[in-house]
Amino acid sequence: MNDDIRNILLGLAASGLSAGAGWFVRTRLWRRQLRRTQAFFGLTSGAECVLVVNQAPWAGGTGVSRNDTFALLELAALIRECGARPEIVVHDTARQGIGVRTEFCVGGPVSNRRTEAHLRSLLPGVATADGPDGRLLTVGGETYRMEQGAAEYVLLARLTGPDGGRPVFLASGQRSVCNQAAVRYLARHHARLARRYRRDGTFCLLLKVVNSDAYGPDMTELVADVTAAAISGR
């Protein structure tokens, strides 16, 4: 074997080892990230979770608005990434206790009775109302007024019951576009949220959807972390 052939073979072997090592490292990183994502969402491979679907106020039967449908699809993608399976439940037929299975609850208290129950039980510091100039959201004594198509608000929360167990994720907005915005924010930032709220995973964030008439759910700003005020009721 001359030197040229030996150098070629050594180069091929080095390339193979490098590619194998790169694949091994990438696989380990991917699996570690997957475990962290599964832990944050309270999901494991093959596990079941619940998607609680709201009802569009203007629709009969079990009609769901277009934006809420998109929100559910984005949640389904997250669930699939974790290797879990969703069960879709209409809001007024959900009878599951808190912590039994991971729950994703979409919609404000007007369109989703399950959300209304969660606000009353887990977030007593939150109040909603319909004012003469639009919907109002009050948290910790601060009131946020909806300006339709210009400035709208939504709560994004990760909550657990008094006995712990699987988490409840809540997207409760003043309009359906806000619900989708909250779900998209969760999908984009769940790794950062998991790091920030590592101690017990509980949080309640107030988000602002800016100029949804032009930008849809894509322009979303974090207004405040309202966890303490929302949970304590003070």
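Structure shown above.
Here is a short report on the structure shown in this document. Predicted model, so just to flag it, every value in this text is computed and none were measured. (Residues numbered from 1 in each chain as written. Predicted model: local features only at pLDDT ≥ 70, side-chain atom pairs only at ≥ 80, totals over all residues. Heavy atoms only, no water.)

Here we have seven strands laid out as an open sheet, ordered β2-β1-β3-β8-β7-β9-β10, and mixed in their pairing. Where the open sheet ends on each side, the last strands, each with one partner, are β2 (85-90) and β10 (220-225). Ignoring which end each strand starts from, the neighbouring axes of this sheet average 20 degrees apart. One ladder, built from seven bridges, connects strand β7 (residues 151-161) with strand β8 (residues 164-173); its direction is antiparallel. Across the sheet, Gly 161 pairs through a bridge with Gly 164, a residue of β8. Contacts from helix α2 (residues 66-81) reach β1 (48-53), β2 and β3 (103-106), with the element oriented near 165 degrees to β3. (Pairing = 2+ DSSP bridges. Helix = DSSP H or I, 4+ residues; strand = E, 2+ residues; numbered from the N terminus. Axes fitted to C-alpha atoms, helices over the stretch in contact; angles between N-to-C directions. Contact = heavy atoms within 4.5 Å.)

On the surface, a cluster of positive charge is contributed by Arg 31, Arg 32, Arg 35, Arg 36, Arg 192, Arg 195 and Arg 198. Residue assignment for the positive patch shows that the elements contributing at least two residues are α1 (3-41) and α4 (176-196). The greatest single-element share of the positive patch, amounting to four residues, is contributed by α1. Inspection of the secondary structure assignment puts Arg 32 in helix α1. Residue Arg 32 is classed as partly exposed on the basis of its relative accessible area of 41%. (Patch = residues over 30% accessible without salt bridge, like charges linked within 9 Å, V, L, I, M, F, W, Y side chains within 5 Å. Areas by Shrake-Rupley, 256 points an atom, 1.4 Å probe, with all protein chains shown as cover. Salt bridge = Lys/Arg side-chain N within 4 Å of Asp/Glu carboxyl O. Lys, Arg positive; Asp, Glu negative; His and termini not counted. Charge placed at Lys NZ, Arg CZ, Asp CG, Glu CD. Buried < 20%, exposed > 50% of the residue type's maximum accessible area, 1.4 Å probe, protein only.)

Here we take up the environment of Arg 35. Residue placement: Arg 35 occurs in helix α1. Using a relative accessible area of 52% as the deciding quantity, one classes Arg 35 as exposed. It is 8.3 Å that separates the C-alpha atoms of Arg 35 and Cys 82, two residues lying 47 residues apart in sequence.

Our focus in this paragraph is unusual backbone geometry. Despite not being glycine, Asn 211 shows a phi value in the positive range, around 50 degrees. Its location among the elements puts Asn 211 in the loop between β9 (203-210) and α5 (212-215).

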